[in-house]
Amino acid sequence: MKNRENAKGYWRDNIKYVIILLAIWFAVSYGAGILLKDELNQIKIGGFKLGFWFAQQGSMYVFVIIIFVYVRLMNKLDKKYGYDE
């Protein structure tokens, strides 16, 4: 019975992490790349407007960073629930 509760807790925490990280990615890709584009275009980085940069590359960089954050969180979660090797 404890193993079943362990698995439920593990997946509950896993889904919570996934939702939070996807919300961050959505906020960066949709918010910074589309909604806040005009305000961010006031700032230039390397000759490119920041809104354009977020729309073209920023969301991809954030997604790659989120992958590494997810791996780290899952390693901690595995240790917490005893699923690590």
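A brief report on the enclosed structure follows. As the structure is a prediction and not an experimental result, all values here were calculated from the model.

1. Here's the deal with the environment of leucine 40
Relative to the helices and strands, leucine 40 is located in helix H2 (residues 37-40). Each C-alpha atom, one on leucine 40 and one on asparagine 3, is 49 Å from the other, the two residues being 37 residues apart in sequence. Those residues in contact with leucine 40 that lie beyond four places of it in its chain are Ala32, Leu50, Gly51 and Phe54.

2. Description of a nonpolar patch on the surface
On the surface, a cluster of nonpolar side chains totalling about 410 Å² of accessible area is made up of Leu22, Trp25, Phe63, Ile67 and Val71. Put simply, the parts of the chain that give the nonpolar patch at least two residues each are helix H1 (2-35) and helix H3 (50-81). For the nonpolar patch, the leading source of residues is H3, giving three residues. Mapped onto the elements, leucine 22 comes out in helix H1. Using a relative accessible area of 44% as the deciding quantity, one classes leucine 22 as partly exposed.

Thresholds applied
Residue numbering note: each chain is counted from 1, following its sequence as written. With pLDDT at 70 or above as the cut-off, local features in this predicted model cover only qualifying residues; side-chain atom pairs require 80 or more to be listed or tallied, and sums for whole chains, interfaces and linings still use all residues. The side-chain values count all of the structure's non-hydrogen atoms but skip hydrogen atoms and water molecules. Runs of H or I in DSSP of at least four residues are treated as helices and runs of E of at least two as strands, each being numbered from the N terminus. Contact definition: two residues touch when any of their heavy atoms are within 4.5 Å. Each patch is assembled from residues with relative accessible area greater than 30% and no salt bridge, linking like charges that lie within 9 Å and nonpolar side chains (Val, Leu, Ile, Met, Phe, Trp, Tyr) that lie within 5 Å. In short, Shrake-Rupley with a 1.4 Å probe defines the accessible areas, and a residue's cover is counted only from the protein chains shown. The term salt bridge refers to a side-chain nitrogen of Lys or Arg lying within 4 Å of a carboxyl oxygen of Asp or Glu. Buried means the residue's accessible area, taken with a 1.4 Å probe over protein chains only, is under 20% of the maximum for its type, while exposed means over 50%, and partly exposed covers the values in between.

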